[in-house]
Amino acid sequence: MANPKLWGLKKSPWVFHVAAASCNNCDIEILDLITPHWDIERFGIVLVGSPRHADALLVTGVLNRKSLPRVLRVYEQTPKPCLVIGIGTCTCHTHMFERSYNVVGPYNKYLPVDVYIPGCPPKPEAMIMGVVKALKRL
Amino acid sequence: MRRVVPIGPYHPLQEEPEFFKLIVEGEKVVDLEINIGYNHRGHEFISQTLTWDQVPFLVERICGICSDSHPYAYVLAVEDCAHITPPPRAQYIRTIIGELERIHSHYLWLGLAGHFIGYNTVWMWVWRYREPLLDLFELIMGNRNHYAINKIGGARRDILPEDYPEIEKYLNLLEKKNAMFTNAILDDPVIRARLENVGVLTKEEAIAYAVTGPTARGSGYACDVRKDDPYDAYDKVDWNAIVFEEGDVLAKAKVRLLECDESIKIVRQCLKNMPDGPIETRVDDIPTGEGIGRHEAPRGEVFHYVRSDGSNMPVRHKIRAPSYMNIASNVVAVKGYSIADAALVLAAVDPCYCCTDRTFVYEKGKKKYSGQDLLRLSLEKTEKIKRRYGK
Ligand code: SF4
């Protein structure tokens, strides 16, 4: 066990949800995950209220000029090592908003993203699978 | 003494980034400042670089909860511009999806309202029964959200007659559950105590702030595009607009709950009377002109305006979402209530910040254009164009 923090993370990752400039749908699907139909809390995944308590960040939506500095700040506040999980096609590249004057570009220019989960929005099963894959890689 | 309580932009209470400054004296909220713009993606600009048929996919992604409303209003606007009437079957299909979306959105609000008052049972419970609706969307359109059903001149997918019994089964389930929610939530003394006489928006204030949708109807102001200016199949079905006079959060909750019943009624009638025939008309080109489209989204009237110069793209596309009007009314609704009620009152209009976000241009720390500047620029441009065309 090289890194106790990583080992702890594998068992029960606490996630913080950051919506950059999303359309809300990915966010709703994330909330959907903790309601009884999907209930990811049975795997020990808990949505927490502060980035300082989080092991993983769930980012959704494209980055725009106003949200970029805030997202970076949330990332800085998260204790390292942490996972960054990009949910939705918006995080994989800039989706349909490529041409917008306010969108600053894909995530990998600014943040180390560990897993991308494509889909608009991804199905809850896909999200669970993405998180599990991210944990397996640790 | 005045103090400021900041909420946001990344607050555990909200799923969307937005920033409220509650100005409080002791426990009492005396003022509110709303700061938006974290979500601005420039849809109006992007849509002017896409072709007519691509825009519905873009405007669908303005907001994930009303992902039927924006494309709906957009296709109505383009059809208005091009003088197209979609075939009757397409009209019925669009109406059905519009109403199903209303139920899903109202359930979503109901759950979150439960969460905001610390009653997570309501949240879990309501969202549990929102799930069959999403399955129903998947059955009809192949995706849980972002349905892509609207198309200029018709609908993109047909509702197959084989699926009617399945849909009917879901509707029966929803009807039962909706009755259960209505009774349980309105009879619960704790919920009543938290919602009654909280965040009152009077009828005068509602009119002054031009609020729309359930926010207006909860304040006794009966405005509903489906009744006032019926489109598609809304004038061919029988339903009631729900209006309550009190203006508090409970009234808004009642409006939403009872509206779900009406929506189920509309869907049932549409399924029963659905005519046979094609689901789209051929649209060759969009002539020069302009058009408007209004649709009653779950949160109120959504308005789209398009202008065409005869090419394959809109030259101007203007979007006004209902939350843009509704959020401003928070400033009066929240005043005088305690901080504990603020979260609930701010959420009572069912705000959607993705639809609302606008942006300012700042240069060297100063706002570049004020409202007056923009007005002046616009007037100047009109003058210039007039001179160019010699009018
Ligand atoms: S990926 Fe799709 S659903 Fe998710 S935030 Fe982006 S546009 Fe919305």
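No experiment lies behind these values; they were computed from the predicted model shown.

Colleague: For this particular structure, what's the right way to read the overall build of chain A?
Modeller: The helix and strand inventory of chain A stands at 5 helices and 7 strands. Counted from the first residue to the last, chain A has its helices and strands arranged as α-β-α-β-β-β-α-β-α-β-β-α. In terms of overall size, chain A behaves like a compact globule, its C-alpha atoms giving a radius of gyration of 14 Å where 138 residues would be expected to give roughly 14 Å. A separation of at least 24 residues holds for 83% of the contacts in chain A among residues at least 6 apart in sequence. Each charge class in chain A was averaged separately, 16 positive and 10 negative side chains, and the resulting centres sit 8 Å apart.

Colleague: How do you make sense of helix α14 (residues 339-348) of chain B when you look at a structure like this?
Modeller: Turn by turn, an α-helix covers 3.6 residues, leaving residues three or four places apart pointing in a common direction. All names here are of chain B. Where burial is concerned, most of α14 is hidden: 8 out of the 10 residues are buried. Along α14, the residues classified as buried are D341, A342, A343, L344, V345, L346, A347 and A348. Directly beyond the C-terminal end of α14, a positive phi value near 55° is found at D350.

Colleague: Where do I start with the interface of chain A and chain B in this structure?
Modeller: Accessible area lost during the coming together of the parts is what is often quoted as the interface size. Taken together, the 40 residues of chain A in the interface contact 43 residues of chain B. Three residues, N24, M96 and R99 of chain A, lead the burial of chain A against chain B; their summed loss comes to 16% of the area buried on that side. At the junction of chain A with chain B, the criterion picks out 4 salt bridges. Of the charged contacts, one joins D32 of chain A and R130 of chain B as a salt bridge, the two residues approaching to 3.4 Å between their closest N and O atoms. On the surface where chain A and chain B come into contact, there are 18 residue pairs in polar contact (both at pLDDT 80 or more). Elements with a contribution of two residues or more to the side of chain A that touches chain B: β1 (14-19), α2 (25-33) and α3 (67-77) of chain A. For the side of chain A that touches chain B, the class distribution of residues is 21 nonpolar, 12 polar and 7 charged.

Colleague: What is the right way to look at the environment of L47 of chain A in this model?
Modeller: All names here are of chain A. Structurally, L47 can be placed in strand β2 (residues 46-47). When the C-alpha atoms of L47 and F16 are compared, they prove to be 5.8 Å apart, with 31 residues separating the residues in sequence. In this structure, L47 is in contact with V15, H17, I30, L31 and I34, ignoring residues within four places of it in sequence.

Colleague: Teacher, can you tell me more about a nonpolar patch on the surface here?
Modeller: Residues and elements named next belong to chain B. Among the surface-exposed residues, V361, Y369, L374 and L377 lie close enough to one another that they form a single nonpolar patch of about 320 Å² accessible area. Inspection of the secondary structure puts L377 in helix α16 (residues 371-388). We classify L377 as partly exposed; its relative accessible area is 35%.

Colleague: Whenever I open this one, the confidence of the model for chain B confuses me. Can you help?
Modeller: Close inspection of predicted coordinates is inappropriate for parts of the model with low pLDDT. All names here are of chain B. The pLDDT averaged across chain B works out to 87; a share of 98% of its residues lies at or above 70. In the model of chain B, strand β9 (residues 362-363) stands out as the element of lowest mean pLDDT, 70, in contrast to helix α3 (residues 69-82), which has the highest, 92. Across the interfaces of the predicted complex, the ipTM metric reaches 0.89, alongside a pTM of 0.90.

Colleague: What exactly am I supposed to notice about the pattern of salt bridges here?
Modeller: Pairs can form between side chains of opposite charge once their charged atoms are near each other. All names here are of chain B. A full pass over the atoms with the stated rule returns 36 salt bridges over all chains. Taking the shortest distance from any N to any O, the salt bridge between E280 and K151 comes out at 2.6 Å. Linking E280 in the loop between α11 (249-273) and β6 (289-297) with K151 in strand β4 (residues 150-151), this pair joins segments that are 129 residues apart in sequence. Overall, the relative accessible area of 37% leaves E280 in the partly exposed class. Looking at K151, the relative accessible area reads 19%, which means it is buried. A salt bridge links R294 to E301, with the shortest nitrogen-to-oxygen separation between them at 3.1 Å. Given a relative accessible area of 27%, R294 falls into the partly exposed group. Residue E301 is classed as buried on the basis of its relative accessible area of 14%.

Colleague: Teacher, can you tell me more about the packing of aromatic side chains here?
Modeller: Any two aromatic rings considered together are summarised by their centre-to-centre distance and by the angle between their planes. Tallying each qualifying case throughout the model produces 8 aromatic pairs over all chains. Ring plane angle 80° and centroid distance 5.2 Å describe the contact between W125 of chain B and F181 of chain B, whose orientation is recorded as edge-to-face. You can see W125 of chain B sitting in helix α5 (residues 120-141) and its partner F181 of chain B sitting in helix α6 (residues 164-187), a full 56 residues away along the chain. Using a relative accessible area of 30% as the deciding quantity, one classes W125 of chain B as partly exposed. The class for F181 of chain B is buried, based on a relative accessible area of 0%. Taken together, the ring pairs in this structure connect Y107, W125, Y129 and F181 of chain B into an aromatic cluster. Looking at K66 of chain A, its charged tip hangs above the ring of Y38 of chain B, at a distance of 4.6 Å from the centre.

The rules behind each value
Residues numbered from 1 in each chain as written. Chains lettered and ligands numbered in written order. Predicted model: local features only at pLDDT ≥ 70, side-chain atom pairs only at ≥ 80, totals over all residues. Heavy atoms only, no water. Helix = DSSP H or I, 4+ residues; strand = E, 2+ residues; numbered from the N terminus. Rg over C-alpha atoms; globule rule 2.2 N^0.38 Å. Contact = heavy atoms within 4.5 Å. Lys, Arg positive; Asp, Glu negative; His and termini not counted. Charge placed at Lys NZ, Arg CZ, Asp CG, Glu CD. Buried < 20%, exposed > 50% of the residue type's maximum accessible area, 1.4 Å probe, protein only. Buried area = accessible area lost by both parts, 1.4 Å probe. Salt bridge = Lys/Arg side-chain N within 4 Å of Asp/Glu carboxyl O. Polar contact = N/O pair within 3.5 Å; in protein donor to acceptor, adjacent residues only side chain to side chain. Nonpolar A, V, L, I, M, F, W, Y, C, P; charged D, E, K, R; others polar. Patch = residues over 30% accessible without salt bridge, like charges linked within 9 Å, V, L, I, M, F, W, Y side chains within 5 Å. Areas by Shrake-Rupley, 256 points an atom, 1.4 Å probe, with all protein chains shown as cover. pLDDT = per-residue confidence, 0-100. Phe/Tyr/Trp six-rings, centres within 6.5 Å; stacked < 30°, edge-to-face > 60°. Lys NZ or Arg CZ within 6 Å of the ring centre and 35° of its normal.

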